[in-house]
Amino acid sequence: MLAPIAEAAAEHPWLAALVATLAVTQMVHRVRTAVLGWRPRDPRRLFVGADRAALLARAGHRCEQHSWLSGRCPVTDRLQADHVHPHSRGGATTVANGQVLCGRHNARKANRIPWAWELRTLAARRQAYAPPGVPTAVVRHL
Ligand SMILES: [Zn+2]
């Protein structure tokens, strides 16, 4: 059963490296989900009312997704209030764990648990556009 796989790996070392990288990535994802996503779900699922308004005001009514090449996403309509640390993985429905994304970036993010450096980067970027005095730090859980 494994012989054809071993032969293929010997013949195509890049394929073996790709498969090993994917396996390690999957393992890291499962460990992070177990460690960071074990909490019970916040009974509040959606950002509504004042919380949603606070998220939009902090983001300047613009998608908060950044990319290395094109900078901050320019979309300003049909914005969605999103959990930075996913609700399905124990993220709190609080302004401190919220962000504003366009539909495309929210769908792309899905329920991936962000790395700590991503939270720090988002908080640092927010300082450029958040109103003065508004906290920019991301807090995953209550
Ligand atoms: Zn966007």
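Here's what I pulled together on the structure shown here. This one's a predicted model, so the numbers in the text were calculated from it and none came from an experiment.

Cut-offs applied
- Residues numbered from 1 in each chain as written.
- Predicted model: local features only at pLDDT ≥ 70, side-chain atom pairs only at ≥ 80, totals over all residues.
- Heavy atoms only, no water.
- Donors = N, O, S within 2.8 Å, 3.2 Å for Na, K, Ca; no water.
- Tetrahedral: all angles 85-135°; square planar, octahedral: opposite > 155°, others 65-115°.
- Helix = DSSP H or I, 4+ residues; strand = E, 2+ residues; numbered from the N terminus.
- Buried < 20%, exposed > 50% of the residue type's maximum accessible area, 1.4 Å probe, protein only.
- Phe/Tyr/Trp six-rings, centres within 6.5 Å; stacked < 30°, edge-to-face > 60°.
- Lys NZ or Arg CZ within 6 Å of the ring centre and 35° of its normal.

Remarks on the coordination of the zinc ion
Part 1 of the reasoning: For the zinc ion, the full set of protein donor atoms is C63 (SG), C73 (SG), C102 (SG) and H105 (ND1), at a range of 2.0 to 2.4 Å.
Part 2 of the reasoning: For the zinc ion, the 4 donor atoms in the first shell make angles of 98 to 117 degrees at the metal, a pattern classed as tetrahedral.
Part 3 of the reasoning: Counting along the primary sequence, the residues that act as donors to the zinc ion give the motif C-x9-C-x28-C-x2-H. Of this pair, C63 sits in the loop between α3 (49-59) and β1 (66-67) while H105 sits in helix α4 (residues 103-109), and the two are 42 residues apart along the sequence.
Part 4 of the reasoning: Accessibility expressed as a relative area gives 0% for C63, which makes it buried.
Part 5 of the reasoning: Here H105 falls in the buried class, since its relative accessible area comes to 8%.

A closer look at the packing of aromatic side chains
Part 1 of the reasoning: Within this structure, the stated rule accounts for 0 aromatic pairs.
Part 2 of the reasoning: When the ring centre of W115 is taken as reference, the NZ or CZ atom of R32 above it lies at 3.7 Å.
Part 3 of the reasoning: One residue, R72, lies across the ring of Y129, its end atom 3.7 Å from the ring centre.

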